[in-house]
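Survey of secondary and tertiary structure
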Amino acid sequence: MKGGGVVMAASGTGIARQRHKKRSGEDLRNLLDGTKANGENKQENETSKKYRSMRIRTLSSIWMIGGFVLVVYMGHIYIWAMIIVIQLFMVKELFTLARASQRERQLPGFRLLNWLFFITAMLYVYGRFLSKQLTTTMHSDQVLSPFFKHGLIKYHMIICYFMYIAGFVWFILTLKKGMYQYQFGQFAWTHMILFVVFAQSSFTVANIFEGIIWFLLPASLIVINDIMAYFFGVFFGRTPLIKLSPKKTWEGFIGASITTVLSAFILAYVMGQFEWLTCPRKDLSTGWLHCDPGPLFKPKDYTLSSSVPDWFPWREVSVMPVQRHAIAFGLFASIVAPFGGFFASGFKRAFKIKDFGDSIPGHGGITDRMDCQMVMAVFSYIYYQSFIAPHHYSTDFFLNQILVNLTLEEQINLYRQLGDILNTSQHKLQS
């Protein structure tokens, strides 16, 4: 009986082990199936999230481009106003980023001091850039002309200087024991914002009044490069470009660069057809513009070399000189300007934030969209002044100096002296 019991016990133990193994195998298969299902669901969620983000970003881009086109159509003054609004949002986002609220409560008026420095910088920069347009506009107004010519414009620099000194003295008087490091940090932060953000973006305004094309073309190239880098990166991106911005890829960078340069060449030709975009604005009016666009916007015919295949349909091509300059803009917008975005990415990593704000759905804050534009604006201004702008003093330049620096009596005296000189010259020619 004992032997039989042992055998039965051993048999039962074997059956139990087999059942346990079977159950363990089933549990393992279920676990693997569940892990696989979770992985597939996670991948589907990531894909869905990616396309949802793309849809939101695309709709926001369409909305922004539509509003941008409307403002450009309305003219120079409205573009300037748009840039001021953008600068206000950018400065607000950056002031907020570095502000420690718990300490700010113990420093009444510190935020107001930041904005005083901002207004001072705005008056100085725009007063320097737009003095010629302001003088021309106010010259015909008998009431405001003396106030602007012999007041604000003539003493513009010293007015701005004393506004800055007032803020400087205010800052010194508000220093509190135990908070020196924080306050000086905020002081340095404010000046960094004004120099890196405001000063650079203000070059855009100078470009506008030389002709909207010198603002619109560079800004459009940055937008095109950003959009194409995003789409090429999403669909073809495999190789990381830079550690500061993990989502940037070499495929996106190269694809966007090629597209941007080609777009620059085409856009320059299209924009060069419209006087509204090519004519400079010499005052602050909003009327329609008519001017001689000059040789820069007049097509030149070039004969193609004999090495061109016979099947090629054209033997001559018409190219505007501005299109050659546009290639330089396209190269800078696609190769150098993105480093403004990389700088902003490193900046955000330092402060452990994803975006500077949430003003634009799918894009973050205004500063997130303007990082590359600021770099491009400075390059556009310097390139225009170095290679495109005429380097001789025009009649408008001398007239502007006369209106700003001479009183009415001195202007009349100059007029009489010029008349005498011209009459003398005419008599000499006749004799």
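Residues numbered from 1 in each chain as written. Predicted model: local features only at pLDDT ≥ 70, side-chain atom pairs only at ≥ 80, totals over all residues. Heavy atoms only, no water.

- Under an unreviewed UniProt entry, the name given to the protein chain is Phosphatidate cytidylyltransferase, and the source organism is Sphagnum jensenii.
- Of the protein chain, the UniProt comment under Sequence similarities (unreviewed entry) reads exactly: "Belongs to the CDS family." (UniProt positions renumbered as here; feature names shortened; annotations may be inferred.)

1. Considerations on the overall build of the protein chain
- Check the secondary structure of the protein chain and you find 16 helices and four strands.
- Here the protein chain holds 431 residues, and the buried ones make up 35% of them.
- Sequence-distant contacts, at least 24 apart, represent 72% of the contacts inside the protein chain between residues at least 6 apart.
- Carbon together with sulfur atoms contributes 65% to the accessible area of the protein chain, which is approximately 26700 Å² in total. (Helix = DSSP H or I, 4+ residues; strand = E, 2+ residues; numbered from the N terminus. Buried < 20%, exposed > 50% of the residue type's maximum accessible area, 1.4 Å probe, protein only. Contact = heavy atoms within 4.5 Å. Areas by Shrake-Rupley, 256 points an atom, 1.4 Å probe, with all protein chains shown as cover.)

2. Details of the UniProt feature "transmembrane region" (unreviewed entry) in the protein chain
- Per the UniProt record, "transmembrane region" (unreviewed entry) is annotated on residues 62-91, 112-130, 155-175, 187-206, 212-237, 249-271 and 326-344.
- Along residues 155-175 the backbone is 86% helical and 0% strand, and the end-to-end C-alpha distance reaches 31 Å.
- Measuring from the first to the last C-alpha atom of residues 249-271 gives 31 Å, for a span that is 96% helix and 4% strand.

3. Structural notes on the packing of aromatic side chains
- This model, assessed by the stated rule, comprises 28 aromatic pairs.
- When the ring of Phe117 is compared with that of Tyr164, the centres are 5.3 Å apart and the planes differ by 50°; the resulting orientation is tilted. In this pair, Phe117 sits in helix α4 (residues 110-129) while Tyr164 sits in helix α7 (residues 156-173), placing the two residues 47 residues apart along the sequence.
- Consider the rings of Phe117 and Phe187, whose centres lie 5.8 Å apart with planes at 80°: the pair is edge-to-face. A residue pair is termed long-range when its members are at least 10 positions apart, and Phe117 in helix α4 and Phe187 in helix α8 (residues 180-209) qualify at 70 residues.
- The class for Phe117 is buried, based on a relative accessible area of 3%.
- One aromatic cluster is present, formed by Trp214, Phe297, Phe329, Phe332, Phe379, Tyr383, Tyr384 and Phe387 through successive ring pairs. (Phe/Tyr/Trp six-rings, centres within 6.5 Å; stacked < 30°, edge-to-face > 60°.)

4. Points about the nonpolar core
- If you look at the biggest cluster of nonpolar residues, it comprises 70 residues, and the most contacted ones within it are Ile79, Tyr126, Phe198, Trp214, Phe215 and Leu277.
- In terms of residue count, helix α2 (residues 76-97) provides more of this core than any other element does, 10 residues in total.
- Those residues within four positions of Ile79 in sequence are excluded, and the remaining contacts are Val71, Val72, Ile208, Ile212 and Phe215. (Core = buried A, V, L, I, M, F, W, Y, C linked by side-chain atoms within 4.5 Å.)

5. Quick notes on the state of the cysteines
- Within this structure, the stated rule accounts for one disulfide.
- Here Cys279 connects covalently by a disulfide to Cys291, the sulfurs 1.9 Å from one another. On the sign convention where negative means left-handed, the S-S torsion of about -95° between Cys279 and Cys291 marks this disulfide as left-handed. One end of the pair, Cys279, is in the loop between α11 (275-278) and β3 (300-303); the other, Cys291, is in the loop between α11 and β3, with 12 residues separating them in the sequence.
- With relative accessibility at 1%, the residue Cys279 sits in the buried group.
- Classification of Cys291 as partly exposed rests on a relative accessible area of 25%. (Disulfide = S-S within 2.5 Å.)

6. Remarks on the environment of Ser245
- Examined against the element boundaries, Ser245 turns out to sit in strand β2 (residues 245-249).
- Sequence separation of Ser245 and Gly346 is 101 residues, and the distance between their C-alpha atoms is 7.9 Å.

7. Here we look at α7
- In a regular helix each residue adds 1.5 Å, so 18 residues correspond to 26 Å; α7 covers 26 Å between its end C-alpha atoms and thus fits that length.
- His156, Cys160, Gly167 and Phe171 are the residues of α7 that are buried. Along α7, the residues classed as buried sweep out an arc of 50° about the axis, all on the same side. Opposite its buried face, α7 presents the exposed residues Phe162 and Leu173, each directed more than 90 degrees away. (Expected span 1.5 Å × (residues − 1). Arc of directions from axis to C-beta.)

8. Looking at the pattern of salt bridges
- Under the defined criterion, the tally for this structure stands at two salt bridges.
- We note a salt bridge from Lys298 to Asp292, for which the minimum N-O separation is 3.6 Å.
- Judged by relative accessible area, Lys298 falls into the partly exposed class, the value being 41%.
- Relative accessible area serves as the criterion here: at 58%, Asp292 is assigned to the exposed category.
- Across the pair Asp368 and Lys348 runs a salt bridge, and its minimum N-O distance is 2.8 Å. (Salt bridge = Lys/Arg side-chain N within 4 Å of Asp/Glu carboxyl O.)

9. A look at a nonpolar patch on the surface
- Together, Phe265, Ile266, Tyr269, Val270, Phe274, Ile327, Leu331, Ile335 and Val336 give the surface a local cluster of nonpolar side chains, amounting to about 740 Å² of exposed area.
- If you list the elements that add at least two residues to the nonpolar patch, you get α10 (250-271) and α12 (321-335).
- Take the nonpolar patch: its biggest share by element is four residues, from α10.
- Structurally, Phe265 can be placed in helix α10.
- For Phe265, a relative accessible area of 30% puts it in the partly exposed group. (Patch = residues over 30% accessible without salt bridge, like charges linked within 9 Å, V, L, I, M, F, W, Y side chains within 5 Å.)

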